[in-house]
Amino acid sequence: MRVGGRVEWFLEPTTPEELRSAVISCRERELPLRILGGGANLIIADGLLPGVVIGTGRMNRLFRIDAAVDGDTNPEGEQDPGAWSAEPSGRVAPADPSIDPRLVGWAGTTLPSLVRTARDLGYGGIEGVVGIPGHLGGGIAMNAGGRWGELWDRVELVRVIDEQGEFLDLTREQVQPGYRNSNLGEKIIAAAIMRFEPTPKPLIEQRMRENLRAKNAVQPVSERSAGCVFKNPDPELSGGRGAGQLVDDCGLKGRSMGDAMVSPLHGNFIVNRGSALATDVLALIDQVREEVAQQTGIQLELEVKRWLG
Ligand code: EPU
């Protein structure tokens, strides 16, 4: 969205272990702590945020599971899913990648690089994510999704830093992710193992093209936004209308506050037309929420995260 101010301390760990050390240091000092992924679904308040932000941008590593080095091999010869690191690139044996179609991604892996890599390896099942910005950690934390499904559909195991500062590996069954929410609470995502479907590359490319075309037609993809502002309400309450359609039906597209405007293309996006302040964006969100509640009786819930200081 390109709004918001500064933070007192910004830390950039490069490995899961460094992330853990940074988290422990902040907790020991009792400093307010926030984790920043790609910032794609986030509105940061104007001014100075107290405490620490840990950015995952330098933890941008993605590798095939058979390149992982610190796990043991079990008696069946399969890689132990506890393998979370790899040698620097170039050391991956040229085995048939379809034999074990899994990737290990650290929290800062960008979703676009995940989609590209999966395509190059012939790993299907993630092409619906095409065109979505942000990082893997943030995407898993909020269970990003759309018509194609959710990020957790591909996640087999997630490595988190728990409330005690220890690494903990959790399966999908243990986490029970929900709609735009992974139920991880205060746990911080360090890395994840994802499983794909071996798929012919041309088919993946075709699906990517179609998904991108559909998305570009209805979303303001080239403008500054924070993605969908509201969660879609329970279809039973809204008669099957999503948040975007409700905002649209209430005649709020194009409504603005300073340089913040409800996108004329899709009612669930607010775009920054130039020099919007976080205050403008937040006030516009409140206005839209109130008007929708007044006109339809439906209370929209926020999908975007807000850091209010
Ligand atoms: N619609 C309108 N007016 C609008 C916007 C939408 O009438 O201003 C109608 C559309 O014509 C369509 C229906 O509402 O019939 C649904 O719209 P759309 O296909 O755009 O999907 P959505 O439910 O609004 C969801 C996700 C998006 C994701 C898309 C496509 C949520 C809250 N949103 O949107 O996710 O990109 O599906 O898969 O789940 C995000 O999470 O940031 C996000 C953008």
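Whatever comes next refers back to the structure up there.
Just so you know, these numbers come straight off a predicted model, no measurement behind them.

Conventions used here
- Residues numbered from 1 in each chain as written.
- Predicted model: local features only at pLDDT ≥ 70, side-chain atom pairs only at ≥ 80, totals over all residues.
- Heavy atoms only, no water.
- Near = heavy atom within 4 Å.
- Polar contact = N/O pair within 3.5 Å; in protein donor to acceptor, adjacent residues only side chain to side chain.
- Areas by Shrake-Rupley, 256 points an atom, 1.4 Å probe, with all protein chains shown as cover.
- Helix = DSSP H or I, 4+ residues; strand = E, 2+ residues; numbered from the N terminus.
- Nonpolar A, V, L, I, M, F, W, Y, C, P; charged D, E, K, R; others polar.
- Domains from an automatic or database assignment.
- Buried < 20%, exposed > 50% of the residue type's maximum accessible area, 1.4 Å probe, protein only.
- Phe/Tyr/Trp six-rings, centres within 6.5 Å; stacked < 30°, edge-to-face > 60°.
- Lys NZ or Arg CZ within 6 Å of the ring centre and 35° of its normal.
- Contact = heavy atoms within 4.5 Å.
- Salt bridge = Lys/Arg side-chain N within 4 Å of Asp/Glu carboxyl O.

1. Some points on the site of the ligand
Then, number 1: Taken together, 19 residues lie around the ligand, and R147, Q219, C228, D248 and E303 are the ones closest in.
Then, number 2: In this structure, Y179 approaches the ligand through a side-chain N or O atom, which is 3.2 Å from an oxygen atom.
Then, number 3: C228 places a polar main-chain atom, nitrogen or oxygen, 2.7 Å from an oxygen atom of the ligand.
Then, number 4: Isolated, the ligand exposes 830 Å² of accessible area, and the fraction of that covered by the protein chains is 73%.
Then, number 5: Those elements that provide at least two residues to the shell around the ligand are β8 (145-146) and α7 (243-249).
Then, number 6: Here the shell around the ligand takes three residues from α7, the largest share from any one element.
Then, number 7: A breakdown of the residues in the shell around the ligand according to their chemical character gives four nonpolar, ten polar and five charged.
Then, number 8: Both domains that meet at the shell around the ligand, namely domain 2 (62-204) and domain 3 (220-307), each give it at least three residues.

2. A look at the environment of A283
Then, number 1: For A283, the location among the structural elements is in helix α8 (residues 278-296).
Then, number 2: We classify A283 as partly exposed; its relative accessible area is 29%.
Then, number 3: In sequence terms A283 and A260 are 23 residues apart; their C-alpha atoms lie 9.3 Å from each other.

3. Some words on the packing of aromatic side chains
Then, number 1: Under the counting rule described, the total for this entry stands at two aromatic pairs.
Then, number 2: Measuring from ring centre to ring centre gives 6.3 Å for F63 and W106, while their planes differ by 85 degrees; the resulting arrangement is edge-to-face. Separated by 43 residues along the polypeptide, F63 in strand β5 (residues 62-64) and W106 in strand β6 (residues 102-106) bring together distant segments of the chain.
Then, number 3: Each ring, one from Y123 and one from F196, has its centre 5.6 Å from the other, and the planes form 20 degrees; the classification is stacked. A residue pair is termed long-range when its members are at least 10 positions apart, and Y123 in strand β7 (residues 123-124) and F196 in the loop between β12 (188-195) and β13 (197-198) qualify at 73 residues.
Then, number 4: Over the ring of F167 we find R20, and its NZ or CZ is 5.4 Å from the ring centre.
Then, number 5: One cation-aromatic arrangement involves R61 over W106; the distance from NZ or CZ to the ring centre is 5.5 Å.

4. Brief notes about the side chain of T56
Then, number 1: Here T56 shows up in the loop between β4 (48-55) and β5.
Then, number 2: When residues no more than four places from it in sequence are discounted, the contact partners of T56 are I35, L36, G37, A107, G108 and H135.

5. Points about helix α2 (residues 111-121)
Then, number 1: Those residues of α2 that sit buried are L111, S113, L114, V115 and A118.
Then, number 2: Buried residues along α2 sit against β5, β6, β7, α3 (136-141), β12 and α5 (201-218).
Then, number 3: Remark: G122 follows α2 within two positions and exhibits a positive phi of approximately 75 degrees.

6. A look at the pattern of salt bridges
Then, number 1: Throughout the structure, instances matching the rule amount to 17 salt bridges.
Then, number 2: The shortest N-O distance in the salt bridge between R180 and E150 comes to 4.0 Å. On the criterion of sequence distance, the pair formed by R180 in the loop between α4 (172-175) and β12 and E150 in strand β9 (residues 149-150) is long-range, its members being 30 residues apart.
Then, number 3: Accessibility expressed as a relative area gives 21% for E150, which makes it partly exposed.
Then, number 4: Here the residues in one salt-bridge network are D100, R102, E156 and R195, joined through shared partners.

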